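Chain residues, written in single-letter form:
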Amino acid sequence: MTNPLRDPRDRRLPRVPGPCALVVFGVTGDLARKKLIPAVYDLANRGLLPPGFVLLGFARRDWGDGDFEQIAKEAAKKGARTGWREEVWHRIAEATKFLPGSFDDDDAFDQLAQLLKDLDESHGTDGNAAFYLSIPPNAFPTVLKQMERTGMADNEQTNSWRRVVVEKPFGHDLASAIELNRLVDEVFTADDVFRIDHYLGKETVQNLLALRFANELFEPIWNSHHIDSVQITMAEDVGIESRAGFYEGTGAARDVLQNHLLQLLALTAMDEPVHFDAAALRAEKIKVLNAVCLPKELAAYAVRGQYDQGWLAGERVKGYQAEEGVKPQSTTETFAAIRLDVETRRWAGVPFYLRTGKRLPRRVTEIGIVFKKAPHLPFAQNDTEELGANQLVVRVQPDEGVTLRFGSKVPGTTMEVRDVAMDFLYGEAFTENSPEAYERLLLDVLLGDAALFPRNEEVEASWRIIDPIEALWTHQDEHHGGPELYRAGEWGPRGADEMLARDGRAWRRP
Ligand SMILES: NC(=O)c1ccc[n+]([C@@H]2O[C@H](COP(=O)([O-])OP(=O)(O)OC[C@H]3O[C@@H](n4cnc5c(N)ncnc54)[C@H](OP(=O)(O)O)[C@@H]3O)[C@@H](O)[C@H]2O)c1
């Protein structure tokens, strides 16, 4: 019996989904091995998977159940966040099946549909199933059509559910995103589609909402009266590794800006949602994305770069053009920086600078809120020479936490004011480790909680922002040449610094 005194929105107690099957298409791939299988293990280890849970893997490789179990176990052991317990794995393995087949093979999908029914009978999944498309994007249409043909996407029993999980990239531009959305919508209803932007599963990103809306301190100054500018950075020290096939022709703007960074912008800039649920959060995020404007002089505020050879952590690394699989004279950008404006009363005149790049000095993702300087300082000018603007920095990764930078008196008889930092570190403030993003998001899919998943409108609004930038860069390729080179181990091309200097600002050095 439900407790009448308990608020249904109370999320402090662990929520365990009902019985269900998780079908992973592309279960032999990189993402499944590195993230999805370990996430399933971690959820089971935390007691967050129901007794009637089954894992069903589908891929081309001709593996038997035994081979698959062995490989999945190694993947789980390697990637698990929580301690290893053989009995937990044993329970998962007992309820795991692998089905080899190609996406264009009707027989294999008929078998899969039958297997789902059989597992419902043998394991009591209550007809519930989530289908994870951990597959190359060009295979989405085939797999969706197969699901439609076999009726796999339909809830056969009343009160049962069928959901689909779609991995990024969500299209290549606005037109392809609309087409992909149309395809998915033909097979699943909008509420049953979960698009993964794994950044939204990160604890620090969710903490941004707690920081803003659970405190009195920040919200009154979260506007153009007090904020000078916002800088959102996602930097990687790695190059493209072995992913040239995917990265060539995609580039930094499509890979990171269109999804992760625009989602971070939306969460930073949005108004308070009426409730903390999917529909209310989405309504506020979409308002922001629709209010984003590109600068009139776009060429001056959309800077791209490509890494050249250089030194990183004492090691010589090659340039992008020399990476395996990269086309000669490739114009794919590995660095992108843009200025955006949010045309609302709250944000009028506050630039949002977004940047992302590979082979930058270190791996870091952060949101830097730069405040205006105090309108008047009663100190002598020399006393505040070392005083910068106040800053609130939300560190998304690594060293998850929040830093507040403000001026403080230097000890001594003089009145010198200098910047100091006050730090909140997740790792120190709480004893419990944060769940991995995929662990959190997978659990939400099984629970049907869509709060952390972008919907069609958000994806399409984001492409509306990115498309003109891509068009400009294609035009530049044809008439002026490709992206500016930057040395590996430096913070991007000179053009990115010039872009902020033009506005009388400078990038934070994270
Ligand atoms: N890897 C990541 O870290 C990452 C991060 C973000 C998003 N993603 C997205 O996640 C998805 C999966 O990425 P991934 O890196 O795991 O790719 P991947 O390593 O290339 O794996 C692809 C999987 O799909 C299967 N597959 C491909 N074509 C098939 C066909 N015709 N019939 C049956 N199975 C087929 C492969 O099976 P076989 O190997 O047996 O042929 C394999 O299991 C992609 O959409 C990617 O954009 C990946």
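For the structure itself, look to the data block above.
Values in this document were obtained by computation on a predicted structure and should not be read as measured data.

Rules used throughout
Residues numbered from 1 in each chain as written. Predicted model: local features only at pLDDT ≥ 70, side-chain atom pairs only at ≥ 80, totals over all residues. Heavy atoms only, no water. Pairing = 2+ DSSP bridges. Helix = DSSP H or I, 4+ residues; strand = E, 2+ residues; numbered from the N terminus. Axes fitted to C-alpha atoms, helices over the stretch in contact; angles between N-to-C directions. Near = heavy atom within 4 Å. Polar contact = N/O pair within 3.5 Å; in protein donor to acceptor, adjacent residues only side chain to side chain. Areas by Shrake-Rupley, 256 points an atom, 1.4 Å probe, with all protein chains shown as cover. Nonpolar A, V, L, I, M, F, W, Y, C, P; charged D, E, K, R; others polar. 1 Å grid on protein atoms, 1.4 Å probe; cavity = no way out; pocket = protein on both sides within 12 Å on 5 of 7 lines; lining within 4 Å. Points joined across faces, edges and corners; volume = space filled by probe spheres on them.

A. Main features of the sheet that holds strand β6 (residues 193-196). Reading across from one edge, β3-β2-β1-β4-β5-β6 is the order of the 6 strands in this open sheet, with parallel pairing throughout. Whereas interior strands pair on both sides, the edge strands pair on one side only; in this sheet they are β3 (96-100) and β6. Taking each pair of neighbouring strands and ignoring which way they run, the sheet shows an average axis angle of 20°. Of the strand pairs in this sheet, strand β1 (residues 20-25) and strand β4 (residues 129-133) are connected by 5 bridges, and their pairing is parallel.

B. Just the site of the ligand, in detail. Close contacts around the ligand come from 19 residues, with Thr 28, Asp 30, Leu 31, Arg 61 and Ile 135 the closest. Phe 103 is positioned with one of its backbone polar atoms (N or O) 3.0 Å from a nitrogen atom of the ligand. Here the ligand loses 78% of its free accessible area of 890 Å² to cover by the protein chains. By residue class, the composition of the shell around the ligand is 8 nonpolar, 6 polar and 5 charged.

C. Examining empty space enclosed by the protein more closely. Counted by the stated rule, this structure contains 2 cavities of 30 Å³ or more. Computed from the structure, the largest cavity encloses a volume of approximately 70 Å³. Going through the elements one at a time, α7 (203-213) and α10 (278-291) are the ones with two or more residues in the lining of the largest cavity. Tallying contributions element by element places α7 first for the lining of the largest cavity, with 3 residues. As a volume, the second largest cavity reaches approximately 40 Å³. Lining the second largest cavity, in full, are Phe 170, Asp 197, Gln 258, Asn 259, Gln 263, Pro 454, Glu 458, Val 459 and Ser 462. When residues of the lining of the second largest cavity are traced back to their parent elements, those giving at least two are α9 (251-269) and α14 (456-479). A breakdown of the residues in the lining of the second largest cavity according to their chemical character gives 3 nonpolar, 4 polar and 2 charged.

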